[in-house]
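What follows is the residue order along each chain.
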Amino acid sequence: MIDARGWGWRHAGRKAWAVRGLDLRIEEGERVLLLGASGAGKSTLLQALAGLLDPSGGGDTEGELLVRGLSPHAARDETGIVFQDPETQLVMARAGDDVAFGLENRCVPTERIWPAVHAALAAVAFPYPDDRRTDALSGGEKQRLAIAGALALSPRLLLLDEPTANLDPDGAADVRALIRHLEAERHLTLVLIEHRIAESLGLVDRVVVIAAGGGVVADGPPAEVFAREGPRLASLGVWVPGPAPSAPRRSGAIGPVLATGTGLAFRYPASETWALDGVDLEVRAGEALALTGPNGSGKSTLALLVAGLLRPARGGARLGDDDAWRLPARRLVTRVGTVFQDPEHQFVTSRVDAELAIGPRRAGRSDQESRRIAATLLERLGLTHLAAANPFTLSGGEQRRLSVATALAAAPPLLVLDEPTFGQDRRTYAELVALLAQQRDAGGAVLFASHDRDLVAGLADRTITLRAGRAAA
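Residues numbered from 1 in each chain as written. Predicted model: local features only at pLDDT ≥ 70, side-chain atom pairs only at ≥ 80, totals over all residues. Heavy atoms only, no water.

Visitor: Explain unusual backbone geometry to me, and be specific about the residues and the numbers.
Guide: It is generally the case that most residues other than glycine have a negative phi and that most peptide bonds are trans. Positive phi outside glycine occurs at R68, with the angle close to 55°. Within the secondary structure, R68 sits in the loop between strand 4 (60-67) and strand 5 (79-82). With a phi angle near 55°, S154 is a residue other than glycine that sits in the positive phi range. Relative to the assigned elements, S154 resides in the loop between helix 4 (139-151) and strand 6 (157-161). (Helix = DSSP H or I, 4+ residues; strand = E, 2+ residues; numbered from the N terminus.)

Visitor: How would you explain helix 1 (residues 42-49) if you had to name every residue and give the values?
Guide: Counting buried positions along helix 1 gives six out of eight residues, so the element sits mostly inside the fold. Within helix 1 the residues assigned to the buried category are K42, T44, L45, L46, A48 and L49. After helix 1 finishes, the residue G51 shows a positive phi value of roughly 75°. (Buried < 20%, exposed > 50% of the residue type's maximum accessible area, 1.4 Å probe, protein only.)

Visitor: Go over the pattern of salt bridges with me, naming the residues and quoting the values.
Guide: Within the structure shown, the criterion is met by 31 salt bridges. One salt bridge in this structure joins E30 and R206, with 3.0 Å as the shortest N-O distance. With a gap of 176 residues between them, E30 in the loop between strand 2 (19-26) and strand 3 (31-35) and R206 in strand 8 (residues 206-211) connect regions that are remote in the sequence. One exposure class covers both E30 and R206, and it is buried. Note that D277 is salt-bridged to R470, the shortest N-O span being 3.0 Å. With D277 in strand 11 (residues 276-284) and R470 in strand 19 (residues 470-471), the pair connects residues that are 193 residues apart, well separated along the chain. Residue classification places D277 among the buried positions, given a relative accessible area of 16%. Classification of R470 by relative accessible area gives partly exposed; the value is 46%. (Salt bridge = Lys/Arg side-chain N within 4 Å of Asp/Glu carboxyl O.)

Visitor: If you had to explain the packing of helix 10 (residues 352-362) against helix 11 (residues 367-380) to someone new, which residues and values would you point to?
Guide: Contact geometry of helix 10 with helix 11 gives a least axis separation of 8 Å together with a crossing angle of 125°. Relative to helix 11, the element helix 10 lies oblique. Considering how the two elements wind past one another, helix 10 and helix 11 form a crossing that is right-handed. Seen from helix 10, the contacting residues are V352, D353, L356, A357, P360 and R361; seen from helix 11, they are D367, S370, R371, I373, A374, L377 and L378. A breakdown of the residues in the contact of helix 10 with helix 11 according to their chemical character gives eight nonpolar, one polar and four charged. (Axes fitted to C-alpha atoms, helices over the stretch in contact; angles between N-to-C directions. Parallel < 35°, antiparallel > 145°, perpendicular 65-115°, else oblique. Left-handed = near helix turned anticlockwise from the far one by under 90°. Contact = heavy atoms within 4.5 Å. Nonpolar A, V, L, I, M, F, W, Y, C, P; charged D, E, K, R; others polar.)

Okay, here's the thing in structure tokens:
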């Protein structure tokens, strides 16, 4: 099914190769878990296999990469790919239309489209009629629909790039159950990228580990690979079965209130339901406060209200004595650092080091001091080699680290973070957790929304759980 011989890819404008020297053969019907440290080229490989990389766009390639004996571009009709965020893949207002979209683009005869749509929705156990609005679906339901869209095309090769990364535990379990159900389709070859190792091992029969520019570093049945190579892989930053790195023990005291929310409510334009409806909270200096709850429960909305980036429809969000949303940007950046769920939504420059220097400069630091802060954070988060890179060309994990670093760079007393550990390898996860604990112990505050149970258990002093826009009892 897949044959790579000395294959490599270098993104446009980069000196280092994202993947190089890759020799790999995957037979038809195999289920493969693809692992590697952050920036190892896992997503790049999946994009290449899906025929989405084109050297005419400025990238460089070497060696040979074949799918069923053809170039990946020529084999695209037999390949389906599902990305981390279902929001980026749903393009139609109704579920059935969304699944039909790909079939229509392939000029499938009209009389064959809707039988294929209904078969794909049934295959993923989609729980609603085909006219269900896509904006009314939970994260897990959206990911089911995205997988249905891929399955409707009858792929021989299915590529899943962290399909549970943005899902709550129940939604992630639903997607894993669906992948397990697909095992009956023995003609289907599966390549899966996941960081939730323990939950994923039952879905695959082979583990392949790659290194940035170094090809395959481990390959074989999961039990054998982790028994033989576990300690070495962990030292490289690869996730292996076992507990996540723990947060450092608290060394500071909890102090005065930095931010408050009183009766906070918010409804997005054109929505008939309240994203948040009457939530109270306090965030204190020296405290880490976690926001938990299922997808769509209002966690991100609450975080944005506290950070002063949304104006509440009712209630009030205050930073000290100020209404958070009224603060001008120059003052807000000195009071709160924010990390969005999608890191690309907050990048504004064409270089990584320039991105990190913006916050300190706006907070009144000199150019020299801003550059020093940027260099320190680049070193701690393993981004020094990417200082001159465009932030939009980084891997998902690298973009997440950069977004956290930009929030830290201005040294605000309050950090508001949405899924701060998303896409991290074992090493960078530990460094991010240590940085957040350092913020807490130095007398700052950390408010974070997360589905990461290990992070919540290890870092949070308190937890607020939201359900349908309200704080759960």
